[in-house]
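# An overview of the molecular structure
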Amino acid sequence: MRQLTLNEIDILTAQGCRCDSWQHIMVGENFSTDSIRNVRMEGEIHIGDNVRMENVGIVRTTDGATFGEDYMISVKNEAGSGNVILYSALTAQTAALMMKTGNDTELFMTLRRMISEYVNRHKPVCTTIGNNVTITDCRELTNVAIGDGCELCGASRLIDCTLSAMPEATIYIGDDVIMENVVAQAGATIVDGARLYDTFVGEACHIGRGFTSENSLFFANSHMDNGEACAALCGPFSVSHHKASLLIGGEYSFYNAGSSTNFSNHAYKMGPIHYGTMERGSKTASGAHILWPATIGAFTMVMGKVQTHPDTSMLPFSYVIGSGRTTYVVPGRNLCTVGTYRDVTKWPKRDKRPASRRLSLITFDWLSPYVIERIKAGLHYLHTLLEEQGYEVEEYECPGFTIKARALRNGMDLYELALRMYGNANSTSKWTDLLGLLIPTDALEQLKEDIHSGDIDCIETLEDRFKNIYESYEQWKGFSENAATTESAHEEWLNAIRRDAEREFEMGDVDEEMMNTFVDSLQ
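Report on the accompanying structure. This one's a predicted model, so the numbers in the text were calculated from it and none came from an experiment. Sequence positions are assigned chain by chain, starting from 1 and proceeding in written order. It should be noted that, the model being predicted, local features are given only for residues of pLDDT at least 70 and side-chain atom pairs only at 80 or more, the latter also being counted only at that level, while totals for whole chains, interfaces and linings use all residues. Side-chain numbers here rest on the full set of heavy atoms in the structure, without hydrogens or water.

## What about the overall build of the protein chain?
Runs of E in the DSSP output that reach at least two residues are strands. Runs of H or I that reach at least four are helices, and both are numbered from the N terminus. Each helix and strand in the protein chain was counted, giving 11 helices and 38 strands. With respect to the three principal axes, the spread of C-alpha positions in the protein chain is 90 × 60 × 50 Å. Accessible area is worked out with a 1.4 Å probe on protein chains only. A residue is then buried under 20% of its type maximum, exposed over 50%, and partly exposed in between. Every one of the 523 residues in the protein chain was classed for burial, and the buried ones make up 57%. The contact rule is simple, with two residues in contact once any of their heavy atoms fall within 4.5 Å. Counting contacts in the protein chain only where the partners sit at least 6 residues apart, residues at least 24 apart contribute 42% of the total. Carbon together with sulfur atoms contributes 46% to the accessible area of the protein chain, which is approximately 21700 Å² in total. A gap of 3 Å separates the mean positions of the 45 positive and 71 negative side-chain charges of the protein chain. Every accessible area reported is derived by Shrake-Rupley at a probe size of 1.4 Å, with residue values counting cover from the shown protein chains alone. By the counting rule applied here, Lys and Arg register as positive and Asp and Glu as negative, while His and the ends of each chain are not counted. Where a charge sits is defined by one atom per residue type, namely NZ (Lys), CZ (Arg), CG (Asp) or CD (Glu).

## Overview of unusual backbone geometry
A cis amide bond, omega 5 degrees, links Trp292 with the succeeding residue Pro293. You can see Pro293 is positioned in the loop between β29 (289-291) and β30 (295-296). A positive phi is found at Asn215, a non-glycine position, where the angle reads about 50 degrees. Counting through the fold element by element, Asn215 comes out in strand β18 (residues 212-218). At Phe299, a position not held by glycine, the phi torsion is positive, near 55 degrees. Position of Phe299 relative to the elements: it lies in the loop between β30 and β31 (301-303).

## Remarks on the pattern of salt bridges
When a carboxyl oxygen of Asp or Glu lies within 4 Å of a side-chain nitrogen of Lys or Arg, that pair is called a salt bridge. By the definition in use, this model includes 21 salt bridges. Residue Arg60 pairs with Glu42 through a salt bridge whose shortest N-O separation is 4.0 Å. Here Arg60, found in strand β6 (residues 52-60), pairs with Glu42, found in strand β4 (residues 36-42); they are 18 residues apart in sequence, far enough to count as distant. Classification of Arg60 by relative accessible area gives partly exposed; the value is 22%.

## Notes on the pairing of β6
Sheet topology note: the β4/β6 ladder contains 5 bridges and is parallel. Within β6, the position partnered with Ile36 by the bridge is Met53. Pairing between β6 and strand β10 (residues 134-146): 7 bridges, direction parallel. Bridging from a neighbouring strand, Glu54 pairs with Thr136 of β10. Strands are treated as partners if at least two bridges between them are detected by DSSP.

## Structural notes on the packing of helix α3 (residues 105-122) against helix α7 (residues 441-453)
For the pair α3 and α7, the least separation of the axes is 10 Å and the interaxial angle reads 70 degrees. One finds that α3 runs roughly perpendicular with respect to α7. Mapping the contact onto sequence places Glu106, Leu107, Thr110 and Leu111 in α3 and Lys448, Ile451 and His452 in α7. Across the contact of α3 with α7, the residue classes break down as 3 nonpolar, 2 polar and 2 charged. Structural elements are reduced to axes, namely lines fitted to C-alpha atoms, with helices fitted over the stretch in contact, and the angle between N-to-C directions of any two is expressed from 0 to 180 degrees. In what follows, roughly perpendicular refers to angles from 65 to 115 degrees, roughly parallel to angles under 35, roughly antiparallel to angles over 145, and oblique to any angle outside these ranges. The classification used treats Ala, Val, Leu, Ile, Met, Phe, Trp, Tyr, Cys and Pro as nonpolar, Asp, Glu, Lys and Arg as charged, and all other residues, Gly among them, as polar.

## Quick word on the packing of aromatic side chains
Whether two aromatic rings pair depends on their centres lying within 6.5 Å, for rings of Phe, Tyr and Trp, where Trp uses its six-membered ring; planes under 30 degrees apart make the pair stacked, over 60 edge-to-face, and the rest tilted. For the structure shown, the criterion picks out 17 aromatic pairs. Ring centres of Phe211 and Phe218 lie 6.1 Å apart, and the angle between their planes is 80 degrees; on these two criteria the pair is classed as edge-to-face. The same class applies to Phe211 and to Phe218, which are both buried. With a centroid separation of 5.7 Å and 15 degrees between ring planes, the pair formed by Phe237 and Phe254 is classed as stacked. Here the residue Phe237 occupies a position in the loop between β21 (233-234) and β22 (239-240), and Phe254 occupies one in the loop between β24 (250-252) and β25 (256-257), the gap between them amounting to 17 residues. Here the aromatic residues Phe237, Phe254, Phe299, Phe317, Tyr341, Trp347, Phe364, Trp366 and Trp493 are joined through ring pairs into a cluster of three or more. The aromatic ring of Tyr328 is capped on one face by Lys404, whose charged end is 5.1 Å from the ring centroid. Sitting over a ring, as applied to charges here, requires NZ of Lys or CZ of Arg to be within 6 Å of the ring centre and within 35 degrees of the ring normal.

## Structural notes on helix α6 (residues 405-422)
Given a helix with a known number of residues, its expected span is that number minus one, times 1.5 Å. The end-to-end C-alpha distance of α6 is 26 Å, a good match for the 26 Å that 18 residues give at a rise of 1.5 Å each. Positive backbone phi, approximately 80 degrees, marks Gly423, located one or two places after α6.

## With respect to the environment of Ser238
Along the chain, Ser238 turns up in the loop between β21 and β22. Sequence separation between Ser238 and Met224 is 14 residues, and the spatial gap between their C-alpha atoms is 7.9 Å. Within the structure, the side chain of Ser238 is placed 2.9 Å from the backbone oxygen of Gly235, a separation counted as a polar contact. N or O atoms within 3.5 Å of each other form a polar contact, as long as, within protein, one can give a hydrogen and the other can take it, and as long as residues adjacent in sequence are counted only when both atoms are side-chain atoms.

## Notes on the side chain of Ser222
Mapped onto the elements of the fold, Ser222 is located in the loop between β18 and β19 (223-225). Of the residues examined, Ser222 reaches a relative accessible area of 2% and is grouped as buried. There is a polar contact of 2.9 Å between the side chain of Ser222 and the backbone oxygen of Phe219. A polar contact is formed between the side chain of Ser222 and the backbone oxygen of Gly235, at a distance of 3.0 Å. Excluding residues that lie within four positions of it along the chain, Ser222 makes contacts with Ala204, Cys205, His206, Cys234, Gly235, Pro236, Phe237 and Ser238.

Next comes the structure, spelled out in structure tokens:
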């Protein structure tokens, strides 16, 4: 970087630019004044090459600028003291790891030190505008680090923000956007009057149409419009399109919110201290309302108002239906539906991140050892209910929910189908989901131990370990020696989905051409 020449200062002044201390403005070696007009600058500022700025109220740096990094927020537990630290290279896995430190204060403080060291190595010294950046009609840019190729058009206010773009995936900030203490990663789009405070926007995420966010994180291809998030931890492919939808105090991934979906974290009126989890692939129907605390199992559809705080993690692919003060669970019902088939096949195709660099790691397997472990536990649980409550009762009472007799028996059949589809592969590990990355629990515990011992002593090493775990997934998940059984079960599953599509046609929900196109695509 170099200082402006006297001639450049004269040209900028003639073009309507103002600055109290031009000597604090540093520019790239090939800087040109041609596209810098009507901009007010204050404090130390670095401007790259091929930058266009026009009609910008103020660009400045103030004392103590953080650029939104090394900043701690509280997610899930809205009333907490802080549990996730924002920085430009944050991944879903590191965020989930911070969340899972629990009472391990030493581990959290070690992670915090590693993050602070990373930020100090990479943090700009002042407001920085990278190469090939366009900024037009923006009112205020205070303490911002804007990466190469970004475009800001009509934004109202950015304060303490980092836009971490890359050549293959830039960042676009649009009309009337307000951002304070925000870090955005490559490919992010924030437009249409979005209001973001203390928020992280991950790779290829979209936030727009007046969506508001506070103390929340969004990772890898999440899409948020119209609604609101508070203390929300949103993993990859989390989607909310509708007004009056509120994601609060929860963890979500591969999640789709129906219109007017709401979550409540004041269950006992002692403040916003409760939180819950929608495990991967879950959905909520229009008007759904869940009172935290609750844990909703993977690939589950939730309908109605759920007030009983159920934990259905051992019953994936279920329907959870709130009916008055009762919550009904229909085990396995969502396994053989058109919706589930469309979801699990579309996610890999909709990853908009450039293949050259994907920070957050995503295991797309839907019928995975993680899910199969829960299905096996669910089968055992349903058998136990039969034995303990009898074979002739109409309903089975469980903590926080009820299962009707017919639903229980159908669920057992569906879970048996899932096991046959998977082939009872021989993985002996227990598994967990680190916000998109499926990982054996013993590998996670070893990783934590290596952080404690100092074998993992920086963020780069931690991310390398996550990548090694991701690349080892195929060998860890086991393999099946029951190919014939697996193939037969898979065809049975497809036939069930065909029947579900035909039911939609018979109900008049889709026309015949659409149904036939979908049925022909099944594989």
